[in-house]
Amino acid sequence: MRTSVYFVLFNQWNLHKPKHIHPFKNRIGPGERQQLNGHRAVTVWLTGLSGSGKSTLAQALDVHLYALGYRSYVLDGDNLRSGLSADLGFSSADRQENIRRVSEVAKMMNDSGLITIIALISPIRKDRLQARETIGGERFLEVFTDCPLEVCEKRDVKGLYRKARNGEITEFTGIDAPYEAPHQPELHLRTDQHSPEESVMLILEMLLPKLQL
């Protein structure tokens, strides 16, 4: 099922690929850069509702990897919306474009040898499938930060759910916009049942073996 979806998405992308663009191949490839760093380059894609712990876990994971001598970098949803995607709103088309941009950046960062940690709600399943296809299935690790909506609302450190309930924010995921949970994530975390430290340890348990050359 997953393979057939990738094939369709890849063909759609090729259909709209400009014919006059001819990307060149870098003389130093991803393999050489990974050898230089001493570890594989992958993307850890944290997806889940606002308040499910994505940003907290991404930052904690980055700190742990740094302490262990791995080269990583976090791409956080709010930071991306403040720069790379500052021109985008929250319509379905804009969300899709945001994920497309982030996927292309993550691919380049992986090609450069960096472990990329992405904290992004990324609510629509087909958009995440496209991200996996862009980055490469062998180096895409989807982590579902699963947390009940009522728990996320209680956390609500940014006050976003309150504003969405009051109609001050529209198209807010979990309130008036859908969230499609992953079917087969590489890791399914119940962040309402584990502390941030426990959750990071579970990510590392899954991740570290995949970083070995």
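Source: prediction; values computed, not measured.

K.L.:
Just give me the short version of helix H9 (residues 196–207), but keep the residues and values in it.
P.N.:
An ideal rise of 1.5 Å per residue puts 16 Å on twelve residues; H9 measures up with 16 Å between its terminal C-alpha atoms. Taken as a whole, H9 has its buried residues at Ser199, Val200, Ile203, Leu204, Met206 and Leu207. End-on view of H9: buried residues confined to an arc of 160 degrees, all on one side of the axis. Considering only its buried residues, H9 is in contact with strand E1 (43–47), helix H3 (54–67), strand E4 (140–146) and strand E5 (187–190).

K.L.:
Outline the packing of aromatic side chains, supporting the account with residue identities and numerical values.
P.N.:
Counted according to the given criterion, the structure contains three aromatic pairs. Taken together, a centroid distance of 5.6 Å and an interplanar angle of 35 degrees make the contact between tryptophan 45 and phenylalanine 140 tilted. Residue tryptophan 45 is located in strand E1, and its partner phenylalanine 140 is located in strand E4; the two are separated by 95 residues in the primary sequence. Judged by centre distance (6.0 Å) and plane angle (20 degrees), the ring pair of phenylalanine 144 and tyrosine 179 falls under stacked. With phenylalanine 144 in strand E4 and tyrosine 179 in the loop between helix H8 (160–165) and E5, the pair connects residues that are 35 residues apart, well separated along the chain. Tyrosine 179 shares its class with phenylalanine 144; the two are buried. Between arginine 81 and the ring centre of phenylalanine 90, over which it is positioned, the NZ or CZ distance is 4.0 Å.

About the thresholds
Residues numbered from 1 in each chain as written. Predicted model: local features only at pLDDT ≥ 70, side-chain atom pairs only at ≥ 80, totals over all residues. Heavy atoms only, no water. Helix = DSSP H or I, 4+ residues; strand = E, 2+ residues; numbered from the N terminus. Expected span 1.5 Å × (residues − 1). Buried < 20%, exposed > 50% of the residue type's maximum accessible area, 1.4 Å probe, protein only. Arc of directions from axis to C-beta. Contact = heavy atoms within 4.5 Å. Phe/Tyr/Trp six-rings, centres within 6.5 Å; stacked < 30°, edge-to-face > 60°. Lys NZ or Arg CZ within 6 Å of the ring centre and 35° of its normal.

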